[in-house]
Amino acid sequence: MSQVIVDGFAFCRQAEQREGSAAIAELPRLAAETFNQQGAVHWSFRGGRHPKDYAQLNMAVTGDVALVCQRCLLPMSHAIDTQTRLVLAHDEQEADAIEQTLDDDAIDVIVGSATLDLMQLVEDEVLLSLPLSPRHPTCPDGGAAHTPGKPDSPFAVLQKLKK
Ligand SMILES: [Zn+2]
């Protein structure tokens, strides 16, 4: 699997930028969630500082992955387009303290290091952004799971209305 190792704190201090692409097949935890391990994600990182003087990483990930529809078990394309702000702490204790100080759900506090693997962060981010139970809005087979000609049960209709 691929790694992109940077010194997290130096990266932010020097306002460095990195971007690239990662094949889904090289991100094993993500690949396991996909239909065929095909495709790639594009990622970019920009180092900087949070107004409260913490090291901050801005991460953006885009791409398309094929997930398995939980209704018809056929592949469905899922677009990834996430932007995340990460604040780096030196250890778990500091991370907890920063979480409390910032009190901002839009920011994730992580433990940074001199050997921070950006690909790990990309993979975590994409995994978190995936739907828990992916389903086509309309399955391409027109609902092969149903008996042909038989109308949906009232319960199934109700389930559809809830979505
Ligand atoms: Zn489907």
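A quick note: this is a predicted structure, and the numbers were derived from the prediction, not measured.

1. Description of the overall build of the protein chain
Each helix and strand counted, the protein chain has five helices and seven strands in total. Along the protein chain, helices (α) and strands (β) appear in the sequence β-α-β-α-β-β-β-α-β-β-α-α when read from the amino end. When the 163 residues of the protein chain are sorted by exposure, 18% land in the buried category. Look at the contacts in the protein chain between residues 6 or more apart in sequence, and 61% of them connect residues 24 or more apart.

2. Things to note about the nonpolar core
Core analysis: the biggest nonpolar cluster contains 24 residues, and Val41, Val87, Leu88, Leu118 and Val122 have the highest contact counts within it. Elements supplying a minimum of two residues to this core: helix 1 (8–13), strand 3 (40–49), strand 4 (55–68), strand 5 (75–89) and helix 4 (118–129).

3. Observations regarding the sheet that holds strand 5
The strand order across the open sheet built from five strands is 2-3-4-5-6, with neighbouring strands paired in mixed fashion. Strands at the two margins of the open sheet, each flanked by one partner only, are strand 2 (17–23) and strand 6 (107–111). Across the sheet, the mean angle from the axis of one strand to that of its neighbour is 30 degrees, orientation sign disregarded. Of the strands in this sheet, strand 2, strand 3, strand 4 and strand 5 touch helix 4, which is tilted by about 125 degrees from strand 5.

4. A look at unusual backbone geometry
At Asp53, a residue that is not glycine, the phi angle is positive and equals roughly 75 degrees. By the element assignment, Asp53 lies in the loop between strand 3 and strand 4.

5. Quick notes on the pairing of strand 5
Note that strand 4 and strand 5 share 13 bridges and pair antiparallel. Pairing of Gln56 across the sheet is with Val87, part of strand 5. If you look at the hairpin formed by strand 4 and strand 5, you'll find six residues sitting between the two strands, and Leu73 has a positive phi there, around 65 degrees. As defined by bridge partners, strand 5 adjoins strand 6 across five bridges and the pair is classed as parallel. From the neighbouring strand, Leu86 faces strand 6, where its bridge partner is Asp108.

6. Concerning the confidence of the model for the protein chain
Averaged over every residue, the pLDDT of the protein chain is 90; residues scoring 70 or more account for 86%. Within the protein chain, no element has a lower average pLDDT than helix 5 (residues 154–162), which sits at 60, and none a higher one than helix 1, at 98.

Parameters and conventions
- Along each chain, residues carry numbers from 1 onward, in the same order as the chain's sequence is written.
- Per-residue local features of the predicted model are confined to residues with pLDDT of at least 70, and side-chain atom pairs are confined, for both listing and counting, to 80 or more; whole-chain, interface and lining totals are unaffected and use all residues.
- The helix and strand labels rest on DSSP assignments: H or I over at least four residues marks a helix, E over at least two residues marks a strand, and numbering proceeds from the N terminus.
- Three exposure classes are used. Buried residues have 20 or more other C-beta atoms within 10 Å of their own C-beta, exposed residues have 12 or fewer, and partly exposed residues fall in between, all C-beta atoms being placed from the backbone.
- Residues are scored as being in contact if the C-beta atoms we place from backbone atoms lie within 7 Å.
- Residues enter a nonpolar core if they are buried, belong to Ala, Val, Leu, Ile, Met, Phe, Trp, Tyr or Cys, and are joined to the set through C-beta atoms within 7 Å.
- Whether two strands pair depends on DSSP finding at least two bridges between them.
- Note on geometry: axes are lines fitted to C-alpha atoms, helical ones only across the stretch in contact, with angles between N-to-C directions running from 0 to 180 degrees.
- Looking at any residue, its pLDDT shows the predictor's confidence there, from 0 to 100.

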